[in-house]
Amino acid sequence: MATTELHPAVQRAVDAANSGVTDDFLDSFTADGAVDDWGRVFAGREAIRGWSDKEFIGVDVSLDVTAVHRSGDTVTVTATVGGNGFNGPSDFAFTVAGDRISLMRITG
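Conventions we followed
Residues numbered from 1 in each chain as written. Predicted model: local features only at pLDDT ≥ 70, side-chain atom pairs only at ≥ 80, totals over all residues. Heavy atoms only, no water. Pairing = 2+ DSSP bridges. Helix = DSSP H or I, 4+ residues; strand = E, 2+ residues; numbered from the N terminus. Salt bridge = Lys/Arg side-chain N within 4 Å of Asp/Glu carboxyl O. Core = buried A, V, L, I, M, F, W, Y, C linked by side-chain atoms within 4.5 Å. Buried < 20%, exposed > 50% of the residue type's maximum accessible area, 1.4 Å probe, protein only.

(A) Fine view of the pairing of strand E7 (residues 100-106). Strand direction decides the pairing type here: strand E2 (residues 29-37) and E7, joined by five bridges, are parallel. Paired with Asp 37 across the bridge in E7 is Ile 106. Taking the residues between adjacent antiparallel strands as the criterion, strand E6 (residues 88-97) and E7 are bridged by two residues, where Gly 98 takes a positive phi near 65°.

Shown next, in the form of structure tokens:
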């Protein structure tokens, strides 16, 4: 289902990334949450922090959401990524578990 509204957990993660607040970003995940960055999986809070410090919030990422699609417990966000790392369009598939994210998969 196409929508412009983000799931609250995904909205918290996007807001935290755009604000540069790593702890708020990490708090968006379940205790066993993970990030899958093109097949490189970072599981757990400290692993996600290490990845983010080097490749996401640590390089001043910005996410300008341009589309949202929901299917079951997956919210796929298309965003224009800015900052001092990767720049350009990208897709993020968030698997939501209750009020948190169990997986953020960078898919395109």
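(B) Structural view of the pattern of salt bridges. If you walk through the whole model with that rule in mind, you get six salt bridges. For Arg 45, the salt bridge goes to Asp 23, with nearest N and O atoms at 3.6 Å. With Arg 45 in helix H3 (residues 45-55) and Asp 23 in helix H2 (residues 22-27), the pair connects residues that are 22 residues apart, well separated along the chain. A salt bridge links Asp 23 to Arg 49; the nearest nitrogen and oxygen atoms lie 2.8 Å apart.

(C) Just the nonpolar core, in detail. Formed by 29 residues in total, the largest nonpolar core has its most connected members in Val 10, Phe 25, Trp 51, Phe 56, Leu 63, Phe 92 and Met 104. Residue assignment for this core shows that the elements contributing at least two residues are helix H1 (8-19), H2, E2, H3, strand E4 (62-71), strand E5 (74-82), E6 and E7. Take this core: its biggest share by element is six residues, from H1.

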